[in-house]
Amino acid sequence: EHAAQRVMDRQDFDYFAGGAETESTLRANRAAFSRVTIWPRCMVDVSDVDTTTHIPALGLRNLAAPLLIAPVAMQRAAHPDGECAAARACAAHSIPYCASQQSTTAIEEIGRAGGDDAPRMFQLYVLSDQEATTKLIRRAESAGATALCITVDAPVLGRRERDVRNRFELKAGLKLANVDAKKNQNKNQNQTGPDKSAVDAKRAQSAIARRIGGRDASLTWDHLAWLRSVTHLPLVLKGIVTHADAKRAAKEGVAGVWVSNHGGRQLDGSPATLDALPEVVAGVDGACVVIFDGGVRRGTDALKALALGADLVAVGRPVAWGLACGGERGVGKAVELLTEELRTAMTLAGCGDVRSTRNRELVQVVGERPPRSRL
């Protein structure tokens, strides 16, 4: 991250690094990992630790590790090769890549970059224009996506104050390649008045908000029936943090839930995702896949999330930093480091394979009794 900050323009670095409002949720995501202790088991055969896994419900097979690259928007703001570089790096390391609807590269190009056999998913915002949404889904299917990740925690854009202060906008030559932002022009964009600073701030926020591309703020559980009618792909709901929503998602028969608070970029003051993870796991009660993201930086972070019930652990910002520092090679290095750190953590914790990491007795959250006392 520090290396990326040295080579990136401030507005671009702040776009990827920043969170909503006071960024309390952004900080909470990282802080939550310090409240979880790993209790290692010794005298276990870890001579040949196996990090590979399969998630057949999402069409993801032969993964090198239970890791996933989260749908980071506008990756060409970090490096000219952007999404294609990241997709190639993921394919080379057998780690699934989730393409963002808000990418600066068309999903077809991302698919070609990763290759036919690379594991990939597509993140989708349901638009008010159902025809446009259906066209996006068709493009994702044609590009080889094995699952659709429906973002459900962003009916409006969170107030990202770094972007407002920087008056963030994409550099010349870059655009959102999968949506038509012009359809969402703010009618108040040309507002004038005596308070120029207030007007400028409003214009900046309006310009940033235009990136939402006509998202449907009326999205409810009832929309799942329509989504199923227009695609054969399994559905993952991204942005679930409560037991009640997890339980409802399982009842609705979705293929997966994604524990996420949008990297602390939406509702400031919402729970850290690691705190939410056990609630969501209890809510789905084994009925569907659980994906987790939020503040993951080290292999031990991934191990803690797996022990708390995640099937896949997603990372986002490290991809942007890898891109900024070295394009495809930088992303590949980030993936290699995280995979190797996870392997080391599993070895030291006495976990010979991924299945053995999903053990609630492996970790203790602050406030809980040690594992022996819970037996």
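Shown above is the structure to which this text applies.
Just so you know, these numbers come straight off a predicted model, no measurement behind them.

Asks: Help me understand the pattern of salt bridges in this model?
Replies: A side chain of one charge can pair with a side chain of the opposite charge when the charged atoms of the two come close. Counted by the stated rule, this structure contains 17 salt bridges. Here R162 makes a salt bridge to D14, at a shortest N to O gap of 3.2 Å. With R162 in helix α7 (residues 161-166) and D14 in helix α2 (residues 10-17), the pair connects residues that are 148 residues apart, well separated along the chain. Just as R162 is buried, D14 falls in that class too.

Asks: I tried to follow the nonpolar core on my own but got confused; where do I start?
Replies: In a soluble, globular protein the nonpolar side chains are often hidden away together inside. The biggest cluster of nonpolar side chains holds 92 residues, and the ones touching the most others in it are F16, F122, V257, L274, L277, F292 and V313. Considering every element that reaches this core, the biggest residue donor is helix α13 (residues 317-349), with 12 residues. Ignoring anything within four residues of it in the chain, the contact list for L277 reads V259, V290, F292, A305, L308 and A310. In terms of nonpolar packing, the next biggest core, distinct from the first, is built from 17 residues, L58, W258, V289 and L312 among them.

Asks: Would you mind showing me how to read helix α6 (residues 130-142) here?
Replies: Think of an α-helix as 3.6 residues a turn; residues three or four steps apart then line up on the same face. Taking 1.5 Å of rise per residue, 13 residues should cover 18 Å, and α6 covers 18 Å from first to last C-alpha, within 8% of that figure. Within the span of α6, buried status applies to T133, T134, L136, I137, A140 and E141. All buried residues of α6 fall inside an arc of 160 degrees around its axis, so they share one side. Of the exposed residues in α6, the ones pointing more than 90 degrees away from its buried face are E131, K135 and S142. Of the surrounding elements, those touching the buried residues of α6 are α5 (107-114), β6 (120-124), β7 (148-151) and α9 (223-230). Sitting at the head of α6, D129 places a side-chain oxygen 3.0 Å from the backbone nitrogen of E131. After α6 finishes, the residue G144 shows a positive phi value of roughly 95 degrees.

What counts, and where the lines are drawn
- Residues numbered from 1 in each chain as written.
- Predicted model: local features only at pLDDT ≥ 70, side-chain atom pairs only at ≥ 80, totals over all residues.
- Heavy atoms only, no water.
- Salt bridge = Lys/Arg side-chain N within 4 Å of Asp/Glu carboxyl O.
- Helix = DSSP H or I, 4+ residues; strand = E, 2+ residues; numbered from the N terminus.
- Buried < 20%, exposed > 50% of the residue type's maximum accessible area, 1.4 Å probe, protein only.
- Core = buried A, V, L, I, M, F, W, Y, C linked by side-chain atoms within 4.5 Å.
- Contact = heavy atoms within 4.5 Å.
- Expected span 1.5 Å × (residues − 1).
- Arc of directions from axis to C-beta.
- Polar contact = N/O pair within 3.5 Å; in protein donor to acceptor, adjacent residues only side chain to side chain.

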